[in-house]
Amino acid sequence: MLSKVDPEKYSVAKDTRFLLFDVNLGEGFNLRRDVYMRVANTIRLLRLAGENFILVLPAWGGLYHWQRQAVKVPWGEFFDVPSLNRFVPVIELDDFLKIHPTGLIDDVVYLQHYAEGWGTEFVRKFDKRPCMSGEKFYKRNGDFWKGWFYSYDELKAKNFECVSIQGDSATLKDLILKDYKKSKVLFIDRAETILHDNYGDEFYWQARRSMRYSKKLVEAADKFRKEKLSSTDEKDKTLIKENWQDDQPRRNAKGGPFVCTHWRRRDFLRSRKADLPSINGTAIQLVKLTKKYKVKKIFLATDAPDSEVEELRKEIGDAAELFQFKDDRFIDGAIAIIDQWICSHAIYFTGSCESTFSFRIQEDREILGFRPELTFNRMCPDDPATECQQPSKWTIAF
Ligand SMILES: C[C@@H]1O[C@H](OP(=O)(O)OP(=O)(O)OC[C@H]2O[C@@H](n3cnc4c(=O)[nH]c(N)nc43)[C@H](O)[C@@H]2O)[C@@H](O)[C@H](O)[C@@H]1O
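Residues numbered from 1 in each chain as written. Predicted model: local features only at pLDDT ≥ 70, side-chain atom pairs only at ≥ 80, totals over all residues. Heavy atoms only, no water.

Here's the deal with the site of the ligand
Around the ligand, a shell composed of 22 residues is seen, among which Asn30, Arg264, Asp267, Ser355 and Thr356 lie nearest. Within the contact set of the ligand, an oxygen atom lies 3.4 Å away from a backbone nitrogen or oxygen of Gly26. Coverage of the ligand by the protein chains reaches 87% of its 710 Å² of free accessible surface. Of the residues belonging to the shell around the ligand, the class tally is eight nonpolar, nine polar and five charged. (Near = heavy atom within 4 Å. Polar contact = N/O pair within 3.5 Å; in protein donor to acceptor, adjacent residues only side chain to side chain. Areas by Shrake-Rupley, 256 points an atom, 1.4 Å probe, with all protein chains shown as cover. Nonpolar A, V, L, I, M, F, W, Y, C, P; charged D, E, K, R; others polar.)

Quick look at the environment of Arg33
Within the secondary structure, Arg33 sits in helix α2 (residues 29–48). On the basis of relative accessible area, Arg33 is assigned to the buried category, the value being 0%. Along the sequence, Arg33 and Pro305 sit 272 residues apart, while their C-alpha atoms lie 24 Å from each other. Those residues in contact with Arg33 that sit more than four places away from it in its chain are Trp60, Phe79, Arg208, Met211, Tyr213, Gln340 and Arg360. (Helix = DSSP H or I, 4+ residues; strand = E, 2+ residues; numbered from the N terminus. Buried < 20%, exposed > 50% of the residue type's maximum accessible area, 1.4 Å probe, protein only. Contact = heavy atoms within 4.5 Å.)

Some words on the sheet that holds strand β12 (residues 321–323)
If you trace the four strands from one edge of the open sheet to the other, you get β12-β11-β10-β13, paired in parallel fashion. The strands lining the two open edges of the sheet, one partner per strand, are β12 and β13 (346–350). For this sheet, the mean inter-axis angle between neighbouring strands, taken without regard to orientation, is 25°. Two strands pair when backbone bridges link them, and strand β11 (residues 297–302) and β12 are joined in this way by three bridges, in the parallel orientation. Opposite Phe299, over in β12, you have Phe323 as the bridge partner. In the packing of helix α13 (residues 356–368) onto the sheet, the strands contacted are β10 (256–263) and β13, and the crossing angle to β13 comes to about 145°. (Pairing = 2+ DSSP bridges. Axes fitted to C-alpha atoms, helices over the stretch in contact; angles between N-to-C directions.)

The following block contains the structure:
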């Protein structure tokens, strides 16, 4: 599926430049969404500096966590591309290749940290340096450099170099303005190396608010909410404006008659074992919440295998009904977004310790106008003696 962006619109301007980016291969979907926001803000700043940059949306694929693999997935499968376009100009990779069929990239800039570390204070800086590991991912093939490039064979680069950088979206803007003036098509790899300018400021939230989900996924989630969870935007007071730019600050969302948890399992059980509850511990916490909020339904967003979900269901017993969204017509990334959108509408949300998947739900709930205490919560490990610090309240800024 292609975006509605008209490629003709871009081919006319002589000064148009394109920025492509990618993230460390092992990173998950929701960190990648965060990196998009950082790079979108670099584009915003470049445009303010008079550079006519368009952000080329990196096709999705090859993600470590997807059980059923998919590649070359356009952003339109997950997001509302016209809505993204209201923050900065973006174009799907397939559309970019229509207007730039050679697929030739001028420069690949592989971002890396400084070999000597950050030192005693954080100073924003960048320097061309020998590659620490970047050259492992790129090979010279005749006149060109080849890399993963989202599995698109036609993409290739004239130049490849590594740059040590310490900084944020504005530092990347400075690097591009200083060292890549002539680059018409620029590819920034390992874009997660840069941070947000000011985490949680109005520009963070503008980029985030522009990331509305695709109509198809919103419809599927809303249908499920209505049919299984008696949840509609009118009743829940979660109506939003057609255009995110028209939304106003508010705190009156009520949510549907269910609690939701994001129950992160699989690799999280290894990396964060001490911070997560057991299956029985999860059931105890969830049942308590249904009593507190006087509901009988729990929506479960999870990557857990079915066997663990069944065990959880048994532990919950008659105390509440457990719901999950399942539909094989949707790819893994789409199910993840549907899960997030359903969770965002619950009367109360509790997530998993420091999961970026949970963070994105918290942000959606901020956008929908919930009170922070109904959102910034996480499940605790079983042992009451273990520390269980609740998530920071990164509330919305307009
Ligand atoms: C341990 C670390 O965890 C970090 O994950 P974390 O922040 O939770 O969140 P993500 O970066 O999104 O990675 C987790 C992936 O697992 C699947 N997943 C997790 N929870 C759910 C869920 O509730 N519903 C559905 N449908 N899918 C889920 C989904 O593919 C999601 O993108 C990773 O980014 C790091 O690479 C590393 O693996």
